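Residue-level listing of the chains:
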Amino acid sequence: MADFARQRQRMVERQLAGRGITDARVLEAMGTIPREAFVAGTMHEFAYEDSPLPIEAGQTISQPFIVARMLQAAELDESDSVLEIGAGSGYAAAVMAALAACVHAVERHPELADLARQRFEALGYRNIQLRVGDGSGGWPEAAPFDAILAAAGGPAVPDVLRRQLAIGGRLVMPVGETLHRQRLVKVTRVEEDRFEHEELDEVRFVPLVGSYGWSEQDAAPVPAMEPVAARAPVDGGGLPDLIRAAMEPLPELDDPAFGRLFDRYADARVVLLGEASHGTSEFYRARAAITRRLIEAHGFTIVAVEADWPDAAALDRYVRGRPATRDEPIFQRFPTWMWRNREVARFIDWLRRHNAGRPAEAQAGFYGLDLYSLDSSIRAVLDYLDKVDPRAAQVARHRYGCLMPWSKEPAQYGRMALSAGYALCEKAVVQTLRELLARRMEYAQADGEHFLDAAQNARLVSNAEAYYRAMYYGSAESWNLRDSHMFETLEHLLAAGGPQSKAVVWAHNSHIGDARHTEMGQVREELNLGQLCRQRFGSAAALIGFGTHTGTVAAADDWDEPMKEMDVVPSRQDSYERLFHEAGQPRGLLDLREGVHPDLCRRLAEGRLERFIGVIYRPDTERWSHYVECSLPRQFDGYTWFDETRAVEPLGEEPRTGTADTWPFGL
Ligand code: SAH
């Protein structure tokens, strides 16, 4: 399903050309060679990430940018003979083989060499010779070389290696006094006995272990899955102390003072409350406490959440004291625990009590921003038209018929549209939406109360059609359509509420933290709801992130797998979470608005890793599945910290039995 060619092209544009790699041959070779073929199957989806990845034997495949940087420095010519020390996965050797006449490569781990050989064979490389052994002394029988590249760092450039360069030859190698931190060094043999020495970037490679490198004891144990070229400084350099000083301790979650601490954001038109996982009790309870305060004391009347519109609409009827209109259980699609949990149920009951006895316009409503409800949204539009305009319902039924075969499994529709080569049902769904909106006045007379709901469902069907098609063109497009849909929905809700309306949004940090200050935006060209709100509302949008160090979380191993309570691995040494953990507060709020803590924000702004746990949690590949490089103080206007958190409490394992069945109306 993944479109590797496209990801590869994007890698070349964003990570390489975008960062100053200008050698056209390097860009072309790296734009052609399938990097995914050099990592294990479980890592395929991360093959084009802007980071090193783990390979067998506790080693790593270098970050694409580093490979390009070294190759550009080596100035390879098509007639060159090249030596690579530390072939690892074989990826860099394959790129060299495309740029030079022949490649000699050495790898000390037989297991890695075997795999690399199989890959060269499968991809048809005939100009690579690979041997197992210590390459720190080079490959004297095959010398001289026009270029020597070392993919592991030693304490100095061994003389025996320099001597294996041809006159005019270039050696590029990471050199450093410590095991894991080096500077890239380029040595050019200008004459028999004259070498030019140039220092390039700071890098982090695995150690070169051998007679001319580090000893086996020096290097052991090689930490498994450590990135070789991580860009974030590992030690906090006093940052935890600064965070501790700036962070305001938060009271207990049920103390009314909790919500009051967030009054500083209450002037905003939209307050967006994030979460670092979809299954953490504290994040839900904190958002409930803040939202209660915003509703009670600051006139907020819209609660818009990352949930399906039709399901949230049922909760909206409940909180407004209206009768149920559907007798089906809600929030039945994976991940059910995200909204079907005790924490949400308690908030919903509070909202119902708050609304009781208030006129409709003073009540607060509960709405869904997401677009995964193709099937029930189609039905909702048809039900509405059946009531207000049976003839139009017939036409709509016919038009939606185009999508019906796929409505239960809409991803299939995307595949189908792709192979058919055109947007099969686009016209049909857009036309239905247009006609519905055009007859607004007419329909409003027949049933005005439900018009907004029906129009939103029709809009959703139209956006979902585009979303499922885009899924097959690459993840960025479909992500962007989804977040644009959420933003559009929020704008409609605000418009429907009038110029004074104010909204609280609950969605994951990945939707709420301004994507322009994360790898998502900078490398993957993804935008998000928080960014769109900032662009539209400026400082009248408050983006508040949430984070944790460790504890438990409700999540699944994979899509559609059962929910489990999992342990959250303590945060990584080089993450923002670790800085907050070391600040030593059990919970607190860090105000990140401009001018409040300028020095701290400036120091925190330098990129670091931040953890994102969704409905799926994979502790084994945590670095690549869940950590993304971000600039936290630029993403958010506030950051709410809970050092230790626990999993949400789902409303029932078997949603189709017991009281949970008709929640909330049956409870
Ligand atoms: N170019 C590789 C990077 C692999 S990491 C790739 O693109 O995948 C560096 C590799 O150097 C590791 O596989 C490690 O086992 C190897 N290595 C370390 N010291 C070595 C030595 N003295 N001789 C040969 N290989 C060595």
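Small disclaimer: the values here were computed from a predicted structure and weren't measured.

**Quick notes on the overall build of the protein chain**
And then number 1: Of the regular secondary structure elements, the protein chain holds 26 helices and 20 strands.
And then number 2: Since a compact globule built from 667 residues should have a radius of gyration of about 26 Å, the 28 Å found for the protein chain is in line with a globular shape.
And then number 3: For the protein chain, the C-alpha atoms occupy an extent of roughly 90 × 60 × 45 Å along the three principal directions.
And then number 4: Classification of the 667 residues of the protein chain by burial places 58% in the buried group.

**Digging into the domain arrangement of the protein chain**
And then number 1: Under the domain assignment used here, the protein chain contains domain 1 (4-230), domain 2 (236-370 + 502-650) and domain 3 (371-494).
And then number 2: Spacing between the C-alpha centres of domain 1 and domain 3 amounts to 51 Å.

**Some words on the packing of helix H11 (residues 309-319) against helix H18 (residues 451-470)**
And then number 1: Where H11 meets H18, the closest approach of the two axes is 10 Å, and the angle between their N-to-C directions is 160°. Taken together, the axes of H11 and H18 are roughly antiparallel relative to one another. Between H11 and H18 the crossing geometry is right-handed. Across the interface between the two elements, Trp309, Pro310 and Ala313 of H11 pack against Leu452, Asp453, Gln456, Asn457 and Leu460 of H18.
And then number 2: Residues belonging to the contact of H11 with H18 are distributed by class as follows: five nonpolar, two polar and one charged.

**Concerning the state of the cysteines**
And then number 1: Under the defined criterion, the tally for this structure stands at one disulfide.
And then number 2: Disulfide pairing places Cys402 opposite Cys425 at an S-S distance of 1.9 Å. Residues Cys402 and Cys425 are joined through a disulfide that is left-handed, its torsion about the S-S bond being -80°. Taken together, the positions of Cys402 in the loop between helix H14 (390-400) and helix H15 (410-420) and Cys425 in the loop between H15 and helix H16 (426-438) put the pair 23 residues apart, joining distant regions of the chain.
And then number 3: The partly exposed category is assigned to Cys402, whose relative accessible area is 24%.
And then number 4: Among the cysteines around Cys533, which has no disulfide bond, Cys630 carries the closest sulfur, lying 18 Å off.

**Observations concerning the nonpolar core**
And then number 1: Ranked by internal contacts, the top residues of the largest apolar core, which has 70 residues, are Val270, Leu385, Leu490, Leu529 and Cys533.
And then number 2: The dominant element in this core, judged by the number of residues it contributes, is H18, at nine residues.
And then number 3: Taken domain by domain, the makeup of this core includes at least three residues from each of domain 2 (236-370 + 502-650) and domain 3 (371-494).
And then number 4: Aside from chain neighbours lying at most four places away, what touches Cys533 is Val270, Leu272, Phe487, Leu490, Gly538 and Ala541.
And then number 5: Within the second largest apolar cluster, 57 residues are counted, among which are Tyr284, Phe300, Val305 and Phe546.

**Some points on the pattern of salt bridges**
And then number 1: This model, assessed by the stated rule, comprises 49 salt bridges.
And then number 2: The salt bridge involving Asp114 is made with Arg117; its shortest N-O contact spans 3.5 Å. A residue pair is termed a helical-turn pair when its members lie 3 or 4 positions apart in one helix, as Asp114 and Arg117 do in helix H5 (residues 110-123) at three residues.
And then number 3: Under the relative-accessibility criterion, Asp114 is labelled partly exposed at 42%.
And then number 4: You can call Arg117 partly exposed: its relative accessible area is 34%.

**So, the side chain of Glu275**
And then number 1: On the secondary structure map, Glu275 appears in the loop between strand S11 (270-273) and helix H10 (281-298).
And then number 2: Looking at Glu275, the relative accessible area reads 1%, which means it is buried.
And then number 3: In this structure Glu275 touches Phe283, Tyr284, Arg287, Ala507, His508, Asn509 and Phe546, once residues within four positions along its chain are discounted.

**Structural notes on the pairing of strand S7 (residues 165-175)**
And then number 1: Counting buried residues in S7 gives nine out of eleven residues, a clear majority hidden from the surface.
And then number 2: Where strand S6 (residues 145-150) and S7 come together, four bridges link them in parallel fashion. Residue pairing across strands places Leu149 opposite Val172, the latter belonging to S7.
And then number 3: As paired elements, S7 and strand S8 (residues 182-191) share six bridges and run antiparallel to each other. Within S8, the position partnered with Val172 by the bridge is Lys186.
And then number 4: Between S7 and the antiparallel strand that follows it, S8, lie six residues.

**Overview of the site of the ligand**
And then number 1: As a matter of local geometry, the ligand sits amid 26 residues, with Ser89, Glu107, Asp134, Gly135 and Val209 nearest to it.
And then number 2: Here an oxygen atom of the ligand sits 2.7 Å away from a polar atom, N or O, in the side chain of Glu107.
And then number 3: Coverage of the ligand by the protein amounts to 99% of the 570 Å² it exposes when considered alone.
And then number 4: Elements represented by at least two residues in the shell around the ligand include exactly strand S2 (60-61), helix H4 (91-99) and strand S4 (102-107).
And then number 5: Taken together, the residues that form the shell around the ligand break down as twelve nonpolar, ten polar and four charged.

**Some points on the sheet that holds strand S9 (residues 194-203)**
And then number 1: Strand order in the open sheet formed by seven strands is S5-S4-S3-S6-S7-S8-S9, with mixed pairing between adjacent strands. The outermost strands of the open sheet, each flanked by one partner alone, are strand S5 (128-132) and S9. Strand after strand, the sheet turns through a mean of 15° between neighbouring axes, direction not considered.
And then number 2: Where strand S3 (residues 81-85) and S4 come together, five bridges link them in parallel fashion. In the strand pairing of S4, Ser81 is matched with Cys102.
And then number 3: Contacts between H4 and the sheet are confined to S3, S4, S5 and S6, with S3 contributing the most and set at about 175° to the helix.
And then number 4: Sitting on the sheet, H5 touches S4 and S5, and the angle it makes with S5 is about 160°.

**Focus on the packing of aromatic side chains**
And then number 1: Scanning the model with the defined rule gives 23 aromatic pairs in all.
And then number 2: Centre to centre, the rings of Phe120 and Tyr125 are 6.2 Å apart; their planes meet at 80°, and the pair counts as edge-to-face.
And then number 3: Ring geometry for Tyr467 versus Tyr468: centroids 5.1 Å apart, planes at 80°, classification edge-to-face.
And then number 4: Grouping aromatic residues by their ring pairs yields a cluster made of Tyr284, Trp339, Phe347, Trp350 and Trp506.
And then number 5: Cation over ring: Arg19 sits above Phe65, and NZ or CZ is 5.3 Å from the ring centre.

The rules behind each value
Residues numbered from 1 in each chain as written. Predicted model: local features only at pLDDT ≥ 70, side-chain atom pairs only at ≥ 80, totals over all residues. Heavy atoms only, no water. Helix = DSSP H or I, 4+ residues; strand = E, 2+ residues; numbered from the N terminus. Rg over C-alpha atoms; globule rule 2.2 N^0.38 Å. Buried < 20%, exposed > 50% of the residue type's maximum accessible area, 1.4 Å probe, protein only. Domains from an automatic or database assignment. Axes fitted to C-alpha atoms, helices over the stretch in contact; angles between N-to-C directions. Parallel < 35°, antiparallel > 145°, perpendicular 65-115°, else oblique. Left-handed = near helix turned anticlockwise from the far one by under 90°. Contact = heavy atoms within 4.5 Å. Nonpolar A, V, L, I, M, F, W, Y, C, P; charged D, E, K, R; others polar. Disulfide = S-S within 2.5 Å. Core = buried A, V, L, I, M, F, W, Y, C linked by side-chain atoms within 4.5 Å. Salt bridge = Lys/Arg side-chain N within 4 Å of Asp/Glu carboxyl O. Pairing = 2+ DSSP bridges. Near = heavy atom within 4 Å. Polar contact = N/O pair within 3.5 Å; in protein donor to acceptor, adjacent residues only side chain to side chain. Areas by Shrake-Rupley, 256 points an atom, 1.4 Å probe, with all protein chains shown as cover. Phe/Tyr/Trp six-rings, centres within 6.5 Å; stacked < 30°, edge-to-face > 60°. Lys NZ or Arg CZ within 6 Å of the ring centre and 35° of its normal.

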